[in-house]
Structures are given as C-alpha cells and as structure tokens.
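# Understanding the architecture of this molecule
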Amino acid sequence: MDHLTPDKRSQQMARMKAVNTAPEIAVRKLLHAAGYRYRIHRRDLPGKPDIVFSARQKVIFIHGCFWHQHADCRRASKPKSNTGYWSQKLRRNVERDAAHLQKLSELGWQALVVWECDLKDPSGLFSSLVNFLGPPLLRPRKNLRN
Ligand SMILES: [Zn+2]
C-alpha cells in the first residue's frame, strides 16, 4: 500500500528527521542550565544522535513517540487508515533505531533515548539524564575570574 513516489517518500523521511524539534530544544535547555556542554547532530555517528557528549562517549536521542513507536505509549498508536503502509514504515523506523543503537554500542558509545512524552515530567527526566551522564563538569571557581 505504498502509494508515495520515491521523491515524496524521501521528503517525508526528511521531515521525520527534522532537527531542532521542540522536545530537542527543551532537553538541551535542561542540560545546558545544569552545566552540561555538548555538541548536537554529529553526522559522523550512527543515527546522527541529537546530543553528543564526546569526552564521555555518550549520546542522547530525543524520539517522537509516534515516529519511533514508543512501546506502550498512547502517542504511538498507529493511524486507522492505510494500515499496511504505516505498519511497514513504522516497523522500519524501529529497526533502524535498533541498528543505530547496536552500532553505537559496538563503537564504544553509550546511548540514552529520551521520549517526547518524558518531557511531561521534567524533574523525573532530569534525574534520568544525570543518572546517565554523571554530574556536569563545573569549572573550578578560579577560572571564572580569568
Ligand atoms: Zn511516549
């Protein structure tokens, strides 16, 4: 039931991998305010992780619950029409995500997936982030005067 031309489909995929989505920005603000420093969208890593902590060899993905099919999440419910097309497409997304996580782990990177719906509980989310990353590296006080 794939009625889209390859052109249309790649446009749609491009939108799916849109950068700087609202959930991404919210997570980045949380991290930055806590003193974490990071890079974003490193293209040389599998899956082009949204947030990258190079020195810690850790990455964070911020996933939309629908596109990445968050398990047991009501935001991940599939459309009622065109079901063959959607289940195939969404299954491919899930498989691709799993392959990226596997590759990253083989390369020695640890990854955390933050789901769009995790943002409903910012303090819970923040604890998970700190658990995953370890404490932020705060500059020694003397450096602030230089
Ligand atoms: Zn969710």
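Residues numbered from 1 in each chain as written. Predicted model: local features only at pLDDT ≥ 70, side-chain atom pairs only at ≥ 80, totals over all residues. Heavy atoms only, no water.

## Regarding the pattern of salt bridges
The cut-off we apply is this: Salt bridge criterion: a side-chain nitrogen from Lys or Arg within 4 Å of a carboxyl oxygen from Asp or Glu. Counting from the N terminus, the helices are DSSP H or I runs at least four residues long and the strands are E runs at least two residues long. Three exposure classes are used, based on accessible area relative to the maximum for each residue type with a 1.4 Å probe and protein chains only: buried under 20%, partly exposed in between, and exposed over 50%.
Scanning all chains against the criterion turns up four salt bridges. Arg75 is the salt-bridge partner of Glu116, the closest N and O atoms lying 3.5 Å from each other. You can see Glu116 sitting in the loop between strand S4 (110–115) and helix H4 (122–133) and its partner Arg75 sitting in the loop between strand S3 (58–63) and helix H3 (83–106), a full 41 residues away along the chain. Residue Glu116 is classed as partly exposed on the basis of its relative accessible area of 27%. Judged by relative accessible area, which is 34%, Arg75 ranks as partly exposed.

## Overview of the pairing of S4
Note the threshold: The rule for pairing is simple: two strands pair if DSSP sees at least two bridges between them. The path from the first strand over the helix to the second decides the hand: if it runs clockwise while the strands point away from the viewer, the crossover is right-handed.
Taken together, the six bridges between S3 and S4 define a ladder with parallel strand orientation. If you follow Val59 over to S4, its bridge partner there is Ala111. In this fold, the crossover linking S3 to S4 by way of H3 has right-handed handedness.

## A few points about the nonpolar core
Convention followed: Among buried residues, those of type Ala, Val, Leu, Ile, Met, Phe, Trp, Tyr and Cys that are joined through side-chain atoms within 4.5 Å constitute a nonpolar core.
Residues Val27, Leu31, Ile60, Val114 and Leu129 are the most contacted members of the largest nonpolar core, which totals 13 residues. Mapped by element, the contributors of at least two residues to this core are helix H2 (22–33), strand S2 (51–53), S3, S4 and H4. Counting six residues, the second-largest nonpolar core is a separate cluster that includes Leu45, Val52, Val59 and Trp109.

## Some words on the packing of aromatic side chains
Condition: For this analysis, a ring pair means two rings from Phe, Tyr or Trp (six-membered ring only for Trp) whose centres lie within 6.5 Å, classed as stacked if their planes differ by under 30 degrees, edge-to-face if by over 60, and tilted for the remaining angles. Here, a charge over a ring means that NZ of Lys or CZ of Arg falls within 6 Å of the ring centre while also lying within 35 degrees of the ring normal.
Counted by the stated rule, this structure contains six aromatic pairs. When the centroid spacing of 6.0 Å and the interplanar angle of 65° are considered together, the rings of Tyr38 and Phe53 count as edge-to-face. Of this pair, Tyr38 sits in the loop between H2 and strand S1 (39–40) while Phe53 sits in strand S2, placing them 15 residues apart in sequence. Here a set of aromatic residues connected by ring pairs shows up, and it is made of Phe66, Trp67, Tyr85 and Trp86. A cation over a ring is seen here: Lys58 above Phe132, with NZ or CZ 5.4 Å from the ring centre.

## Comments concerning the coordination of the zinc ion
Put simply, the ideal angle at a metal is 109.5 degrees for four donors in tetrahedral geometry and 90 or 180 degrees for six donors in octahedral geometry. To keep things clear, this is the line we draw: Coordinating donors are taken to be N, O and S atoms lying within 2.8 Å of the metal, or within 3.2 Å when the metal is Na, K or Ca; because water is excluded from the atom set, some sites may appear incomplete. Sites are called tetrahedral only when four donors show all angles between 85 and 135 degrees, square planar or octahedral only when four or six donors show opposite pairs over 155 degrees and all other angles between 65 and 115, and irregular in any remaining case.
Only Cys65 (SG), His70 (ND1), Cys73 (SG) and Cys117 (SG) from the protein coordinate the zinc ion, and they sit 2.1 to 2.4 Å from it. The site at the zinc ion holds four donor atoms, and with the angles between them running 98 to 116°, its shape is tetrahedral. Between consecutive donor residues of the zinc ion, the sequence gaps follow C-x4-H-x2-C-x43-C. A relative accessible area of 17% places His70 in the buried class. Under the relative-accessibility criterion, Cys73 is labelled buried at 15%.

## Describing the sheet that holds S2
Going by this rule: A contact between two residues is defined here by any heavy atoms of the two lying within 4.5 Å. For helices, the fitted axis covers only the stretch in contact; all axes are lines through C-alpha atoms, and the angles between them, taken along N-to-C directions, range from 0 to 180 degrees.
Read from one edge to the other, the open sheet built from four strands follows the order S1-S2-S3-S4, with strand pairing classed as mixed. Edge positions in the open sheet fall to S1 and S4, since each of these has one partner strand only. Running over the sheet, H3 touches S3 and S4 and is turned about 170° from S3. Along the sheet, H4 makes contact with S2, S3 and S4, crossing S4 at roughly 175°.

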